[in-house]
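Spelled out from the first residue to the last, the chains are:
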Amino acid sequence: SPRALSGIQPTAGSFHLGNYLGAIRQYVALQETHDAFYMVVDLHAITVPQDPAELRANTRLAAAQLLASGLDPERCTLFVQSHVPEHAQLGWIMNCLTGFGEASRMTQFKDKSAKQGADRATVGLFTYPILQVADILLYQANQVPVGEDQRQHIELTRDLAERFNARFGETFTVPAPHIVKETAKIFDLQDPTIKMSKSASTPKGLINLLDEPKMTAKKVKSAVTDTDTVIRFDAENKPGVSNLLTILSTLTGTTIPELEKSYEGKMYGALKTDLADVMVEFVTPFRARTQEYLDDPETLDSLLAKGAEKARAVAAETLAQTYDKVGFLPAK
Ligand code: ATP
Ligand code: MG
């Protein structure tokens, strides 16, 4: 079966609603149809300063949340990126294949480094999309489930796979992004013109899945809408209301036209109250399941160790082929 691969950063502790709707839901769906590899990308996390104890805790927490979301270690390979050294090794080769100007055009780096101040941004943050290229190519992935913000990085992955294949001979599968249009960009609740983001959203604009459910309900109820009163999907003119409709539609499986119809003549408050209830129903069992995994770190760690073993088998084979194609002398 075709391969799928994706990764998520363990940076902020809790995943947010954008991570879940844009990416993790698709991970869960693809494990049914694909040979799927999912990882907690701790190497990517250290592109910005991290506290070691927190990073370790957040890595387990990320794995626990992925399992709580429905990833099944019997149906997919779940692992931690740093457990598979081939990522860094292929990353170096990909660094050497990428133009400096090409890397400089990555808009996420421009945004994130501008925010940090150019002098404080690390070289690691600059080359992180290239490590991500290696993450994907190591597994010969066909599909990469991600949100819209990752599209440019998948484009870079395709370019580098084609470049390597053209220069050294057919080696890598050229992957395609798997981006579900409706949920590819969930917006910040306080500023519905920017994406909900671990690093850029204010606490009120960000729905953390592990927040107290009461707090989540409060954030939904104080979401920014507009001065109009009609509940209608119009991403351009009514971004706040449209975002709430997208979230409600996805979590309940009700289409947007059906929602628009059921809210005819009703006020924004009704939509927010319903969405707050749906969110509370969603996060309450999610938090409980996450806690269950955290309460048994031995089982969690051994599950991740098994995942890393499965991942390494695939990654080592791809890396060996790559080393050979590049012309590295084999160690006798
Ligand atoms: P950061 O702001 O630090 O980059 P993030 O919020 O973008 O963090 P990541 O760990 O970088 O979170 O992203 C994990 C996955 O979630 C990626 O596939 C990304 O495309 C997706 N994603 C992130 N934010 C959103 C969003 N607002 N809507 C839809 N998908 C999202
Ligand atoms: Mg991101």
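It should be emphasised that the depicted structure is a prediction, and the values quoted were computed from it without experimental measurement. (Residues numbered from 1 in each chain as written. Chains lettered and ligands numbered in written order. Predicted model: local features only at pLDDT ≥ 70, side-chain atom pairs only at ≥ 80, totals over all residues. Heavy atoms only, no water.)

Enquirer: Kindly report on the overall build of the chain, identifying the contributing residues and their values.
Expert: Scanning the chain for helices and strands turns up 13 helices and five strands. In summary, the chain has a C-alpha radius of gyration of 21 Å against a globular reference of 20 Å for 332 residues, a match within 12%. When each of the 332 residues of the chain is scored for burial, the buried share is 48%. Long-range pairs, those at least 24 residues apart, make up 76% of the contacts in the chain with a sequence separation of at least 6. (Helix = DSSP H or I, 4+ residues; strand = E, 2+ residues; numbered from the N terminus. Rg over C-alpha atoms; globule rule 2.2 N^0.38 Å. Buried < 20%, exposed > 50% of the residue type's maximum accessible area, 1.4 Å probe, protein only. Contact = heavy atoms within 4.5 Å.)

Enquirer: Would you mind going over the packing of aromatic side chains in detail, with residue names and values included?
Expert: Counted according to the given criterion, the structure contains ten aromatic pairs. For the pair tyrosine 20 and phenylalanine 282, a centre-to-centre distance of 4.8 Å together with 45° between the ring planes defines the contact as tilted. Of this pair, tyrosine 20 sits in helix H1 (residues 17-33) while phenylalanine 282 is found in helix H12 (residues 268-294), placing the two residues 262 residues apart along the sequence. Just as tyrosine 20 is buried, phenylalanine 282 falls in that class too. Between the aromatic rings of tyrosine 27 and tyrosine 38, the centroid separation amounts to 4.6 Å while the plane-to-plane angle is 10°, which identifies the pairing as stacked. You can see tyrosine 27 sitting in helix H1 and its partner tyrosine 38 sitting in strand E2 (residues 35-40), a full eleven residues away along the chain. (Phe/Tyr/Trp six-rings, centres within 6.5 Å; stacked < 30°, edge-to-face > 60°.)

Enquirer: Explain the site of ligand 1 to me, using residue names and the numbers behind them.
Expert: Residues in contact with ligand 1 amount to 21 residues; listed here are only the nearest, His16, Lys112, Asp149, Lys195 and Ser199. One of the backbone nitrogen or oxygen atoms of glycine 147 is found 2.8 Å away from an oxygen atom of ligand 1. Within the backbone of isoleucine 186, one N or O atom sits 2.8 Å away from a nitrogen atom of ligand 1. Relative to its unbound accessible area of 600 Å², ligand 1 is 96% covered by the protein chains. Counting atoms within 2 Å of the grid points, the majority share of ligand 1 lands in the largest pocket. Ranked by residue count, the leading element in the shell around ligand 1 is H1, at four residues. (Near = heavy atom within 4 Å. Polar contact = N/O pair within 3.5 Å; in protein donor to acceptor, adjacent residues only side chain to side chain. Areas by Shrake-Rupley, 256 points an atom, 1.4 Å probe, with all protein chains shown as cover. 1 Å grid on protein atoms, 1.4 Å probe; cavity = no way out; pocket = protein on both sides within 12 Å on 5 of 7 lines; lining within 4 Å. Sits in = over half its atoms within 2 Å of the grid points.)

Enquirer: Explain the layout of surface pockets to me, using residue names and the numbers behind them.
Expert: In this structure, the largest pocket occupies an estimated 1,200 Å³ of space. Taken together, 49 residues make up the lining of the largest pocket; nearest its centre are Gln108, Lys112, Asp149, Gln150 and Lys195. Elements with a minimum of two residues in the lining of the largest pocket: strand E1 (3-8), H1, helix H6 (107-116), helix H7 (123-137) and strand E4 (143-145). It is H6 that provides the largest number of residues to the lining of the largest pocket, a total of six residues. Residues that form the lining of the largest pocket fall into these classes: 19 nonpolar, 21 polar and nine charged. (Points joined across faces, edges and corners; volume = space filled by probe spheres on them. Nonpolar A, V, L, I, M, F, W, Y, C, P; charged D, E, K, R; others polar.)

Enquirer: Explain the environment of proline 285 to me, and be specific about the residues and the numbers.
Expert: Take proline 285: it is sitting in helix H12. Residue classification places proline 285 among the partly exposed positions, given a relative accessible area of 33%. The sequence separation of proline 285 and alanine 68 amounts to 217 residues, and the corresponding C-alpha distance is 8.7 Å.

Enquirer: Give a description of H6 that names residues and reports values.
Expert: Taken residue by residue, H6 has Gln108, Phe109 and Ser113 as its buried positions. On an axial view of H6, the arc spanned by its buried residues comes to 115°, and they lie on one face. Counted as exposed and oriented over 90 degrees from the buried face of H6: Ala114 and Lys115. On its buried side, H6 packs onto H7 and helix H8 (151-168). (Arc of directions from axis to C-beta.)

Enquirer: How would you sum up the packing of helix H9 (residues 213-221) against H12? Please name residues and give values.
Expert: Remark: H9 packs on H12, axes separated minimally by 9 Å, with the N-to-C direction vectors making an angle of 155°. Classified by the interaxial angle, the pair formed by H9 and H12 is roughly antiparallel. As for how H9 packs across H12, the hand of that crossing is right-handed. From H9, Pro213, Thr216, Ala217, Val220 and Lys221 reach across to H12, where they touch Lys272, Thr273, Leu275, Ala276, Met279, Val280, Val283, Thr284 and Arg287. Classifying every residue of the contact of H9 with H12 gives eight nonpolar, three polar and three charged. (Axes fitted to C-alpha atoms, helices over the stretch in contact; angles between N-to-C directions. Parallel < 35°, antiparallel > 145°, perpendicular 65-115°, else oblique. Left-handed = near helix turned anticlockwise from the far one by under 90°.)

Enquirer: An account of the pattern of salt bridges is requested, with residue identities and associated values reported.
Expert: Tallied over the entire structure, the rule returns 13 salt bridges. We note a salt bridge from lysine 219 to aspartate 211, for which the minimum N-O separation is 2.8 Å. Judged by its relative accessible area of 8%, lysine 219 is buried. Where arginine 287 meets glutamate 212, a salt bridge forms, and the shortest distance between an N and an O atom there is 3.6 Å. Taken together, the residues span a long stretch of sequence, with arginine 287 in helix H12 and glutamate 212 in the loop between strand E5 (176-178) and H9 at a distance of 75 residues. Judged by relative accessible area, arginine 287 falls into the partly exposed class, the value being 25%. Salt bridges sharing common partners tie together Glu32, Asp72 and Arg75. (Salt bridge = Lys/Arg side-chain N within 4 Å of Asp/Glu carboxyl O.)

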